[in-house]
Amino acid sequence: FLAFCLDGLHEDLSRVSEQLLPRTEADEEADEKSCQGRSEEFAAALAWMRYLERSKSFLVDLMQGQLRSSLCCLRCGHKSRKFE
């Protein structure tokens, strides 16, 4: 119930002036390429900026944050990171 109420408030208090089209896989791949070889801070800032383009409100400023998840392939050693 609380999550429903907070989500409603978030939508009503949104400071996003225009609704953007949903992000495509091509957009995601372009962001991943731009983050390759760059620092964790750059990748985190880019992910947060992309999030705020669509979800900016007083409640986001107070109560939301960002998580980093990473995976490492045991066979080839490839590492993948994602900020959500």
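Residues numbered from 1 in each chain as written. Predicted model: local features only at pLDDT ≥ 70, side-chain atom pairs only at ≥ 80, totals over all residues. Heavy atoms only, no water.

A. The arrangement of the environment of Val16 in detail. In this fold, Val16 is placed in the loop between helix H1 (2-12) and helix H2 (25-35). Taking the C-alpha atoms as reference, Val16 lies 8.4 Å from Leu52; in sequence the two are 36 residues apart. Excluding its chain neighbours within four sequence positions, the residues that come into contact with Val16 are Leu52, Glu53, Arg54, Ser55 and Lys56. (Helix = DSSP H or I, 4+ residues; strand = E, 2+ residues; numbered from the N terminus. Contact = heavy atoms within 4.5 Å.)

B. Fine view of the pairing of strand S1 (residues 68-72). Pairing of S1 with strand S2 (residues 79-83) involves five bridges; the strand directions are antiparallel. Directly across from Ser70, in S2, lies its bridge partner Arg81. Hairpin remark: S1 followed by S2, antiparallel, with six residues in the connecting loop; positive phi at Gly77, about 85°. (Pairing = 2+ DSSP bridges.)

C. Structural detail: the pattern of salt bridges. In total, this model carries nine salt bridges according to the counting rule given. In this structure, the salt-bridge partner of Glu28 is Arg23, at a minimum N-O distance of 3.2 Å. Residue Glu28 is classed as partly exposed on the basis of its relative accessible area, which comes to 34%. Each member of the salt-bridge network shares a partner with another, and the members are Arg23, Glu28, Asp31, Arg50, Glu53 and Arg54. (Salt bridge = Lys/Arg side-chain N within 4 Å of Asp/Glu carboxyl O. Buried < 20%, exposed > 50% of the residue type's maximum accessible area, 1.4 Å probe, protein only.)

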